[in-house]
Amino acid sequence: MSHEREVKLSESDIIVSKTDPKGRITYANRRFMQIAGYAEPELLGKPHNLIRHKDMPRGVFRFLWHTLQQKEEFFGYVKNATSDGGFYWVFANITPDYKTDSSLAGYFSVRRRPNYAAVKQVNEWYKKMLVIESKETASRAPEASFLWLKEQIKQQGCSYNELLTRLEGLEE
Ligand SMILES: Cc1cc2nc3c(=O)[nH]c(=O)nc-3n(C[C@H](O)[C@H](O)[C@H](O)COP(=O)(O)O)c2cc1C
């Protein structure tokens, strides 16, 4: 929404957080706290959807959790909310984090400045996904919008991760 304040990340910004296996925050670095606008006690133990922005389609998170459950790492563009009603876009990487006995310790996320030309394109796709979700029942919405996104990716003739590489290489 145009009246919301956008925080643009700089090249040197790295936002880090860790969660337990249920997605509750166990660690946040200082830059995370500064950009999201929360003090450490407000974050620790809270579900990571605390910073979820309402413009994010549920299909993206469905894909994120599906990817992590396959023991794979997720890459993607995410619009997050700040505590004062603003927002910031990130290029996120989320990985499962294993203990030495190979049991799941939790998840680890590192986010950095996105290519803002890519954000413009992704924002258009996410808007369409929200429209698709609004026409479905709550339980079908994430799958329906993600199927649509998969179709867009197919039309580009590449995989999801290849598309991200292309997008990150766009001229800003
Ligand atoms: C390590 C990790 C980092 C995450 N980072 C974000 C994030 O920056 N923004 C976000 O909206 N969701 C993030 N999520 C996903 C949330 O846990 C949640 O699935 C999402 O906000 C959607 O909310 P919901 O699952 O309640 O629908 C992250 C999950 C994990 C495991």
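As a reminder, the structure under discussion sits directly above these lines.
Residues numbered from 1 in each chain as written. Predicted model: local features only at pLDDT ≥ 70, side-chain atom pairs only at ≥ 80, totals over all residues. Heavy atoms only, no water.

A. Highlighting the layout of surface pockets. Approximately 460 Å³ is the volume attributed to the largest pocket. If you trace the largest pocket, you find 24 residues lining it, with His48, Asn49, Phe61, Leu64 and Trp65 closest to the centre. The greatest single-element share of the lining of the largest pocket, amounting to five residues, is contributed by helix H3 (residues 58–69). Of the residues in the lining of the largest pocket, the class split is 12 nonpolar, seven polar and five charged. (1 Å grid on protein atoms, 1.4 Å probe; cavity = no way out; pocket = protein on both sides within 12 Å on 5 of 7 lines; lining within 4 Å. Points joined across faces, edges and corners; volume = space filled by probe spheres on them. Helix = DSSP H or I, 4+ residues; strand = E, 2+ residues; numbered from the N terminus. Nonpolar A, V, L, I, M, F, W, Y, C, P; charged D, E, K, R; others polar.)

B. Inspection of empty space enclosed by the protein at higher detail. Under the defined criterion, the tally for this structure stands at one cavity of 30 Å³ or more. One number sums up the size of the largest cavity: a volume of about 100 Å³. Lining the largest cavity are 13 residues, with Val122, Tyr126, Leu149, Tyr160 and Leu164 positioned closest to its centre. For the lining of the largest cavity, the element with the highest residue contribution is helix H6 (residues 160–168), accounting for four residues. Split into classes, the residues belonging to the lining of the largest cavity amount to 12 nonpolar, one polar and no charged.

C. The site of the ligand, seen in detail. Taken together, 13 residues lie near the ligand, and Asn49, Phe61, Trp65, Asn80 and Arg111 sit nearest. Contact between the ligand and Trp65: an oxygen atom at 2.8 Å from a side-chain N or O atom of the residue. Contact between the ligand and Asn80: a nitrogen atom at 2.6 Å from a side-chain N or O atom of the residue. For the ligand, whose free accessible area comes to 600 Å², the fraction covered by protein is 85%. Elements with a minimum of two residues in the shell around the ligand: H3, strand S3 (74–81) and strand S5 (104–112). Counting residues per element, the shell around the ligand draws most heavily on S5, at three residues. Grouping the constituent residues of the shell around the ligand by class yields six nonpolar, five polar and two charged. (Near = heavy atom within 4 Å. Polar contact = N/O pair within 3.5 Å; in protein donor to acceptor, adjacent residues only side chain to side chain. Areas by Shrake-Rupley, 256 points an atom, 1.4 Å probe, with all protein chains shown as cover.)

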